[in-house]
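Descriptive analysis of the structure
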Amino acid sequence: MIDIPILFITFAYKFKTLNMEGKDLNRLKLVLVEKKRTGVWLAEQLGVSAVTVSKWCSNITQPTLPNLNRIAEILDVNVKDLLNDSKI
């Protein structure tokens, strides 16, 4: 019998490496420019490090769904405006 947490971790790792790596999933950097805001400012608003926001803007990592929703609220945009419209 396969342990469910190990199965989930394996799936998450494979999903990340096979489907998401190297793809720009978010438009955060562009939206910040459109709103004339900086990553440092956004980091302060969210209570996260500027390095974290920089990784989001570079699509190295992605914000969690709660953080994505909060970013949309802070920037006064629709969550959809933060995501690239592409088929993954």
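Provided above is the structure to which this section pertains.
Fair warning: this is a prediction, and the values are worked out from it, not measured in the lab.

For the protein chain, the helix and strand inventory stands at five helices and zero strands. Secondary structure of the protein chain in N-to-C order comes out as α-α-α-α-α. Burial statistics for the protein chain: of 88 residues in total, 23% are counted as buried. Expressed as a percentage of contacts within the protein chain between residues at least 6 apart in sequence, the contacts between residues at least 24 apart total 63%. When the accessible surface of the protein chain is totalled, it reaches about 6,600 Å², and 59% of it is carbon and sulfur.

Here we take up the nonpolar core. With 16 residues, the main nonpolar core has L28, L42, I71, L75 and L82 as its most contacted residues. At the level of secondary structure, the elements contributing two or more residues to this core comprise helix 2 (28-34), helix 3 (39-46), helix 4 (50-57) and helix 5 (65-75).

With that settled, the discussion passes to the packing of helix 3 against helix 4. Packing of helix 3 against helix 4 leaves a shortest axis separation of 8 Å and a crossing angle of 120°. By the angle between their axes, helix 3 is oblique relative to helix 4. As for how helix 3 packs across helix 4, the hand of that crossing is right-handed. Side by side, helix 3 and helix 4 meet where G39, V40, L42, A43 and L46 of the first sit next to A50, V53 and W56 of the second. Along the lines of polarity and charge, the residues of the contact of helix 3 with helix 4 split into seven nonpolar, one polar and no charged.

What follows concerns the pattern of salt bridges. Summed over the entire model, instances satisfying the criterion amount to one salt bridge. Residues E34 and R27 are paired through a salt bridge, measuring 3.4 Å at the closest nitrogen-oxygen approach. Since its relative accessible area comes to 52%, E34 is described here as exposed.

Turning our eyes to something else, we now look at the environment of K23. Within the element layout of this structure, K23 appears in the loop between helix 1 (4-20) and helix 2. According to the relative accessible area criterion, K23 is partly exposed, its value standing at 37%. Remark: the alpha-carbon pair of K23 and N84, spanning 61 residues in sequence, is separated by 9.7 Å.

Now for the environment of S54. Mapped onto the elements of the fold, S54 is located in helix 4. The partly exposed category is assigned to S54, whose relative accessible area is 40%.

Bringing the packing of helix 3 against helix 5 into the picture now. Packing of helix 3 against helix 5 leaves a shortest axis separation of 11 Å and a crossing angle of 115°. Considering their axes alone, helix 3 and helix 5 lie roughly perpendicular with respect to each other. Between helix 3 and helix 5 the crossing geometry is right-handed. Contact residues: W41, L42, Q45 and L46 in helix 3; R70, I71, I74 and L75 in helix 5.

Conventions and cut-offs
Residues numbered from 1 in each chain as written. Predicted model: local features only at pLDDT ≥ 70, side-chain atom pairs only at ≥ 80, totals over all residues. Heavy atoms only, no water. Helix = DSSP H or I, 4+ residues; strand = E, 2+ residues; numbered from the N terminus. Buried < 20%, exposed > 50% of the residue type's maximum accessible area, 1.4 Å probe, protein only. Contact = heavy atoms within 4.5 Å. Areas by Shrake-Rupley, 256 points an atom, 1.4 Å probe, with all protein chains shown as cover. Core = buried A, V, L, I, M, F, W, Y, C linked by side-chain atoms within 4.5 Å. Axes fitted to C-alpha atoms, helices over the stretch in contact; angles between N-to-C directions. Parallel < 35°, antiparallel > 145°, perpendicular 65-115°, else oblique. Left-handed = near helix turned anticlockwise from the far one by under 90°. Nonpolar A, V, L, I, M, F, W, Y, C, P; charged D, E, K, R; others polar. Salt bridge = Lys/Arg side-chain N within 4 Å of Asp/Glu carboxyl O.

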